[in-house]
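Geometric and topological summary
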Amino acid sequence: MSVSEPMSPIVVRGLRKEYRSKDSSASGTVVAVDGLDLDVAAGEVYALLGHNGAGKTTAIEILEGHRMRTSGEVKVLGVDPGDGGRDLRDRIGVVLQTSGVEPELSVAEVLEIARRSYRSPRSTSEVIDVIGLNDKADQRVGSLSGGQARRVALGLGIIGRPELLFLDEPTTGFDPVARRSFWDLISRLAAEGTTVLLTTHYLDEAEHLADRVGVMADGRLIAEGTPADLIRSFGGSTVRFSLPESEAVTWSEVLQGEIAAQVSGTVTVTASGRVEISSSSPTSDLSVVTAWAVSRRVELPDLEVVRSSLEDVFIRLGQDR
Amino acid sequence: MMRSTGETEARWPGSAGLLLAQTGYQLKLFYRVPAAMFFTLALPLVMLILLNAVFGSDTVGEGSESQMWPTRQFYTAGLAVFAAVTATYTNLANMIPIRRDEGVLKRWRSTPLPTWIYVGGAICSSVILAAFNVIVMLTLGVVAYGLEIDAVKIPAAIVTLAVGIASFAALGMAVAAVVPTASAASAVANATVLPLAFVSNVFLSVDGAPRWVQLLGDAFPLKAFASAFQDTFNPTIAGAAWAPGRLGFIALWGVVGAVVAVTQFRWEPSGSGGRRSRRRSAAESSD
């Protein structure tokens, strides 16, 4: 096989991973990944999205070389990660779900010892700069906040100047501000041309960061595309408004009857009295709602039409299964 | 190995330099864990001072007066061995599982550092600690307790130390490999070494002890290590005090430990399914 021709950094065909069942009473095996096909192009940010147990981490750890597959074909930067060895590990960056950074060492110390094993690493000061921990460089990793410690793990992932970066649930447990700034960091790396494969169960994270998203469930991809594609084909829009407080309870009955009969989408009323109509034709559905409100002389001050989020897609895909 | 396009011309860092850096990194980590410092360095030192204060003026040995020798010679040598064992066996059996549970081992395995250099760094650092420990104990023995060193026996002393330290490092790695969690490993390491020390001529002489105590000590390598090293400080033994039988016995344990460590070693916390998944590639890349 020629290895000089350009090829996608990640090519996966029919990947399957079985574990022996830990429960001795259960017969046989647990299938964590069940026929996964995946292509990630150079420079792309690809998000594997799914609930816990969907097979995301097993899949990414096979690509990282931490697990052997049961069957299927896997090429990472043109080589099989199962025996890629030192050369492959020099060209990839890995941020594991558990950061695995020594708490007794300072930020600068962990980066300094890590960079020595690469062929052409970034300098420690450059990485500290990128991860924004200049004022924490001499502080022990064990004394950092969760978000800061995760930045150190990211710093370790990029110190070898990787062509391909794996991020396994990079922002789990972050506060919203820390997540935003972490996203900015990853966006900047991607802008420099690093290919990124990340797993997440945060839909906003996938929507914000990814060029393409693959939705995983039960070890398989059940949907794939750009966030906009997925929303267009599975989501549509939502017409939503709140009911005036005083009469909310009685109105919810009325609304479900009258409006549900005429709109194209499905109507749901949340516990707080908010009505949501997920709609594939928002214009006509909006006119149903406004016609009804005008005829009843009801003002709906927060009436709005919003494009579905990836979350709606995710929930819908989950319901279809 | 085949390489793809875009390869940089930069060369791999040299193995010797990497090993040195890893050794220094492990020593730094050790230095920053107070519990490790205490059990490895302070405990043997405290034992030496206490035991000498209580029994220092006695003599040990069996038979006639001419075969008796001063306890200070006995204790200093026995506790130097104990210190070497805590620095290698206890230290590795404690620290490697802690790093495994923290995910540190797995992270290092994601980097291009050859795995043998990571493991080698941990072992080298424990050997350096053991050597340091022995030097401290012997120095204290000479300065404070009038320890006599017989030049003729120095080669045997050094070889005994080398064989013992290597074997107990291997046994520490074996415990680290077999025991599932850090807390279990810590318990196993201490529960094996401390009781064994009582039947192995470390804290007291078992020459006059009941037969089962002697047999128990004889079954494990600590007594052979302590006795062989003590012989090199025993003025009643003439000549170089070589003990090939004991050294062979210690080495046999060491080889068994090394085999267990190499075949059973795990890079991930138990239950995460990644057991020995990259052995083949690790062997390929260890250049």
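Turning our eyes to something else, we now look at the overall build of chain A. Helix and strand counts for chain A stand at eleven helices and 13 strands. Counting across all 321 residues of chain A, residues that qualify as buried make up 51%. Once local pairs closer than 6 in sequence are excluded, the contacts in chain A between residues at least 24 apart make up 70%. Here chain A displays about 14,000 Å² of accessible surface, and carbon together with sulfur accounts for 48% of that area.

A count of helices and strands for chain B gives eleven helices and two strands. Each helix (α) and strand (β) of chain B, taken in turn from the N terminus, gives the series α-α-β-β-α-α-α-α-α-α-α-α-α. Residues counted as buried form 49% of the 287 residues belonging to chain B. Only carbon and sulfur atoms are counted for the fraction: they give 70% of the accessible area of chain B, which is about 12,200 Å².

Residues and elements named next belong to chain B. Side chains of Val142, Val143, Ile149, Ile154 and Ile158 sit close together on the surface and give an oily, nonpolar patch of about 460 Å² of accessible area. Among the elements of the structure, α5 (115–145) and α6 (154–178) are those that each provide at least two residues to the nonpolar patch. With respect to the element layout, Ile158 can be found in helix α6.

With that out of the way, let us pick up the side chain of Thr86(B). Locating Thr86(B) in the fold gives a position in helix α3 (residues 71–101). At 3.3 Å, the side chain of Thr86(B) forms a polar contact with the backbone oxygen of Thr40(B).

With that settled, the discussion passes to α5(B). Helix length check: α5(B), at 31 residues, gives a terminal C-alpha distance of 44 Å against a target of 45 Å (1.5 Å per residue), a fit within 8%. Once α5(B) ends, the next one or two residues include Gly146(B), with phi positive near 60°.

With that settled, the discussion passes to the nonpolar core. Leu111(A), Val152(A), Leu154(A), Leu167(A), Tyr25(B), Ile96(B) and Tyr118(B) are the most contacted members of the largest nonpolar core, which has 67 residues in total. By residue number, the principal contributor to this core is helix α6 (residues 176–191) of chain A, which donates seven residues. Look past the residues within four positions of Tyr118(B) in its chain and what remains in contact with it is Gln22(B), Tyr25(B), Gln26(B), Arg99(B), Val104(B), Leu105(B), Trp108(B), Leu113(B) and Trp267(B).

So, about the sheet that holds strand β4 (residues 71–76) of chain A. Residue and element names in this part refer to chain A. Taken together, the three strands give an open sheet; going across it, the order is β2-β1-β4, and neighbouring strands pair in antiparallel fashion. Edge strands, defined here as strands with exactly one partner in the open sheet, are β2 (29–40) and β4. Sheet twist, expressed as the mean angle between neighbouring strand axes with direction ignored, is 25°. As defined by bridge partners, strand β1 (residues 10–20) adjoins β2 across nine bridges and the pair is classed as antiparallel. Its bridge partner lying in β2, Val12 is registered against Leu38.

Moving on to the sheet that holds strand β3 (residues 45–49) of chain A. Residue and element names in this part refer to chain A. Spatially, β5-β6-β7-β3-β8-β9 is the arrangement adopted by the six strands of the open sheet, whose pairing is mixed. The outermost strands of the open sheet, each flanked by one partner alone, are β5 (92–95) and β9 (220–225). Sheet twist, expressed as the mean angle between neighbouring strand axes with direction ignored, is 15°. Of the strand pairs in this sheet, β3 and strand β8 (residues 212–217) are connected by four bridges, and their pairing is parallel. Bridge pairing links Leu48 to Gly214 in β8.

Attention now moves to the confidence of the model for chain A. Residue and element names in this part refer to chain A. Predicted confidence across chain A gives a mean pLDDT of 86, with 87% of residues reaching 70 or more. Element-level pLDDT for chain A is lowest in helix α11 (residues 310–320), with a mean of 65, against a maximum mean of 97 in helix α3 (residues 107–115). Counting contacts from residues 1–5, a segment whose pLDDT is below 50, to residues more than four positions away or on other chains yields seven contacts.

A few words now on the packing of α3(B) against α5(B). For any two helices packed against each other, the geometry is given by the interaxial angle and the distance between the axes. Residue and element names in this part refer to chain B. The N-to-C vectors of α3 and α5 enclose an angle of 155°; their axes lie 9 Å apart at closest approach. Compared by their axis directions, α3 and α5 come out roughly antiparallel. By crossing handedness, the relation of α3 to α5 is classed as right-handed. Across the contact of α3 with α5, the residue classes break down as 17 nonpolar, seven polar and two charged.

Quick look at helix α10 (residues 244–264) of chain B now. Along an α-helix, residues three or four positions apart point the same way, because every turn accommodates 3.6 residues. Residues and elements named next belong to chain B. Over its 21 residues, α10 runs 30 Å from end to end, which matches the ideal 30 Å to within 8%, given 1.5 Å per residue. Within the span of α10, buried status applies to Leu247, Ile250, Gly254, Gly257 and Ala261. Within α10, the buried residues cover an arc of 90° as seen down the axis, which keeps them to one side. Turned more than 90 degrees away from the buried face of α10, the exposed residues are Pro244, Gly245 and Leu252. Looking at the buried side of α10, the elements it contacts are α6 and α9 (221–231).

In this sheet, β4(A) lies alongside β1(A) in antiparallel orientation, the contact comprising five bridges. The residue bridging Val11(A) from the neighbouring strand is Lys75(A), located in β4(A).

Residues and elements named next belong to chain A. Tracing the sequence through the fold places Thr200 in strand β7 (residues 195–200). With 152 residues separating them along the chain, Thr200 and Leu48 place their C-alpha atoms 6.4 Å apart. Not counting residues up to four positions away in its chain, the partners in contact with Thr200 are Leu48, Leu49, Gly50, Lys56, Glu169, Glu205 and Ala206.

Here we come to unusual backbone geometry. Peptide bonds are, in most cases, trans, and in most cases residues other than glycine have a negative phi. Residue and element names in this part refer to chain B. Of note in this structure, Asn201 is not a glycine but carries a positive phi near 65°. As for its placement among the helices and strands, Asn201 is situated in the loop between α7 (182–198) and α8 (211–219). When its relative accessible area of 6% is taken as the criterion, Asn201 is described as buried.

All names here are of chain B. Looking at chain B, the pLDDT average stands at 87 and 90% of residues meet or exceed 70. The low-confidence segment residues 1–8, where pLDDT is below 50, has 19 contacts with residues more than four positions distant or belonging to other chains. In this model, residues 273–287 is a region of pLDDT below 50 whose contacts with residues beyond four sequence positions or in other chains number 38 contacts.

Conventions and cut-offs
Residues numbered from 1 in each chain as written. Chains lettered and ligands numbered in written order. Predicted model: local features only at pLDDT ≥ 70, side-chain atom pairs only at ≥ 80, totals over all residues. Heavy atoms only, no water. Helix = DSSP H or I, 4+ residues; strand = E, 2+ residues; numbered from the N terminus. Buried < 20%, exposed > 50% of the residue type's maximum accessible area, 1.4 Å probe, protein only. Contact = heavy atoms within 4.5 Å. Areas by Shrake-Rupley, 256 points an atom, 1.4 Å probe, with all protein chains shown as cover. Patch = residues over 30% accessible without salt bridge, like charges linked within 9 Å, V, L, I, M, F, W, Y side chains within 5 Å. Salt bridge = Lys/Arg side-chain N within 4 Å of Asp/Glu carboxyl O. Polar contact = N/O pair within 3.5 Å; in protein donor to acceptor, adjacent residues only side chain to side chain. Expected span 1.5 Å × (residues − 1). Core = buried A, V, L, I, M, F, W, Y, C linked by side-chain atoms within 4.5 Å. Pairing = 2+ DSSP bridges. Axes fitted to C-alpha atoms, helices over the stretch in contact; angles between N-to-C directions. pLDDT = per-residue confidence, 0-100. Parallel < 35°, antiparallel > 145°, perpendicular 65-115°, else oblique. Left-handed = near helix turned anticlockwise from the far one by under 90°. Nonpolar A, V, L, I, M, F, W, Y, C, P; charged D, E, K, R; others polar. Arc of directions from axis to C-beta.

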